[in-house]
Amino acid sequence: MALFSLASVLLGYFPARSRQPGWKVQHAYYMSGSYVGLIAALAAEVLTRTPWLPFLGSVAVASFSVILIGVLLMFRFIPRILRARE
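Each chain carries its own residue numbering, running from 1 in the written order of its sequence. Reporting in this predicted model follows two pLDDT cut-offs: at least 70 for local features of residues, and 80 or more for side-chain atom pairs to be given and counted; totals over whole chains, interfaces and linings ignore these cut-offs and use all residues. Side-chain measures were taken over the full set of non-hydrogen atoms in the model, leaving aside hydrogen atoms and water.

**Q** Requested: an account of the packing of aromatic side chains, with residues and values cited.
**A** Put simply, two rings from Phe, Tyr or Trp (the six-membered ring, in Trp's case) pair if the centres are within 6.5 Å, and we call them stacked under 30 degrees between planes, edge-to-face over 60, tilted for the rest. Summed over all chains, the structure comprises two aromatic pairs. Judged by centre distance (5.4 Å) and plane angle (70°), the ring pair of Y13 and F14 falls under edge-to-face. Between Y29 and F75, the ring centres sit 5.2 Å apart and the planes meet at 35°, which makes this aromatic pair tilted. Separated by 46 residues along the polypeptide, Y29 in helix α2 (residues 23-48) and F75 in helix α3 (residues 55-84) bring together distant segments of the chain. Strands here are runs of E lasting at least two residues and helices are runs of H or I lasting at least four, both read from the DSSP assignment and numbered beginning at the N terminus.

Have a look at this one:
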């Protein structure tokens, strides 16, 4: 998840740097994706420290759940936020 987050930050940097049409949308999604990746890594790390849970199952469930919720929230709220700022 940390590598996903790093890639997402780098991909979000370039649209903001170039300032071509539509850069705000790309930047917002990549930066939000980076944040979701970091939260997924945190959730997976916390659950791996729980001794009675199986390692692979807890990491997979935590990561998938956080990413799914994060993506749903991104697609719901980012367009609204960007429209409100126009």
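**Q** Quick rundown of α2? Include the residues and the values.
**A** Expected helix span is computed as 1.5 Å times (number of residues minus one). In this model α2 runs 37 Å from its N-terminal to its C-terminal C-alpha over 26 residues, within 8% of the 38 Å that 1.5 Å per residue would give. Those residues of α2 that sit buried are W23, A28, G33, S34, V36, G37, A40 and A44. Think of it in three bands: residues with accessible area under 20% of the maximum for their type are buried, residues over 50% are exposed, and the middle band is partly exposed, with areas taken using a 1.4 Å probe on protein chains only.

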